[in-house]
Amino acid sequence: MPDIKPDLDAAYAIETPEDNRRLYADWAKTYDDSFAADMDYQLPRMVGLIFCEAFRGSGPVLDVGAGTGLLAQSIPIRAMLEIDALDMSPEMLGIARQKGLYRKTIEADLTQPLDIADNIYGAIVSSGTFTHGHVGPDALDELLRIARCGAVFVLAVNAEHFVARGFAEKFALIEPHIEGLQHHDVNIYGADADATHKDDLASITVFRKR
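So, here's what we can say about the structure. (Residues numbered from 1 in each chain as written. Predicted model: local features only at pLDDT ≥ 70, side-chain atom pairs only at ≥ 80, totals over all residues. Heavy atoms only, no water.)

1. Some points on the sheet that holds strand 7 (residues 201–209)
Then comes step 1: Pairing within the open sheet is mixed, and its 7 strands lie in the order 3-2-1-4-5-7-6. Each having just a single partner strand, strand 3 (104–107) and strand 6 (178–187) make up the two edges of the open sheet. Direction aside, neighbouring strands of the sheet carry axes that sit 15° apart on average.
Then comes step 2: Pairing of strand 4 (residues 121–130) with strand 5 (residues 147–158), which is carried by 6 bridges, proceeds in the parallel orientation. From the neighbouring strand, Val-125 faces strand 5, where its bridge partner is Val-154.
Then comes step 3: Here helix 6 (residues 90–98) sits on the sheet and contacts strand 2 (83–87) and strand 3; the angle it forms with strand 3, its principal contact strand, is near 175°.
Then comes step 4: Its contacts with the sheet put helix 7 (residues 139–146) on strand 1 (61–64), strand 4, strand 5, strand 6 and strand 7, and the angle it makes with strand 5 is roughly 150°. (Pairing = 2+ DSSP bridges. Helix = DSSP H or I, 4+ residues; strand = E, 2+ residues; numbered from the N terminus. Axes fitted to C-alpha atoms, helices over the stretch in contact; angles between N-to-C directions. Contact = heavy atoms within 4.5 Å.)

2. Considerations on the pairing of strand 5
Then comes step 1: With 9 of 12 residues buried, strand 5 lies mostly within the body of the structure.
Then comes step 2: For strand 5 and strand 7, the ladder comprises 7 bridges, and the chain directions are antiparallel. Its bridge partner lying in strand 7, Val-152 is registered against Arg-208. (Buried < 20%, exposed > 50% of the residue type's maximum accessible area, 1.4 Å probe, protein only.)

3. Examining the nonpolar core
Then comes step 1: Formed by 38 residues in total, the largest nonpolar core has its most connected members in Tyr-41, Leu-43, Phe-51, Tyr-102, Val-152, Val-154 and Ile-204.
Then comes step 2: Every element with two or more residues in this core is listed here: helix 3 (31–37), helix 4 (43–54), helix 5 (70–73), strand 2, helix 6, strand 4, strand 5 and strand 7.
Then comes step 3: Here the element with the most residues in this core is helix 4; it accounts for 6 residues.
Then comes step 4: Filtering out sequence-adjacent residues up to four positions away, Val-152 remains in contact with Phe-51, Ala-54, Phe-55, Gly-122, Ala-123, Ile-124, Val-206, Phe-207 and Arg-208.
Then comes step 5: Membership of the second largest hydrophobic core comes to 28 residues, among which are Val-135, Leu-144, Ile-174 and Phe-207. (Core = buried A, V, L, I, M, F, W, Y, C linked by side-chain atoms within 4.5 Å.)

Next up, the structure:
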């Protein structure tokens, strides 16, 4: 990916971990204003609300692809939870740390094995990772490994790519290991988003590990 202005189209064009690191290193300091506010980014709030409805266990919670912490900010019961942030961008995690939202931050690439023990987390959430970028459905295997039995998952997947990128097929394959699978289609952006993306949808997928 050549050096270009960080924006949504550049994020959708990500194909490799190197693309990801380069884009978000440049974007981190202005991400909340130049993207989230300008695009009326609603998805973290929607994931946070659905998580609160689904969560009935105990933490800790892992925020996957946490970025600057927009999802953690949007969880109404966050003060009651221990939440860890996982992201491959140290610059984005640096902004998240400044907000004081997380117990700890973990720099890691979801396309690789995670240096996290089995059966650690009581919940796993994500609001912007499973989209047009390089992270595909196979990352679910590692997330299931590090979750405890009964852990709730609330993961937003870009609706346009749910079938095309293999997420529907993956959920069929892991069906013996999960239960209570639900999908909630929501708008990613609000009324103030630009016309190109205002109708973009995500499928917020909710399930528990058996």
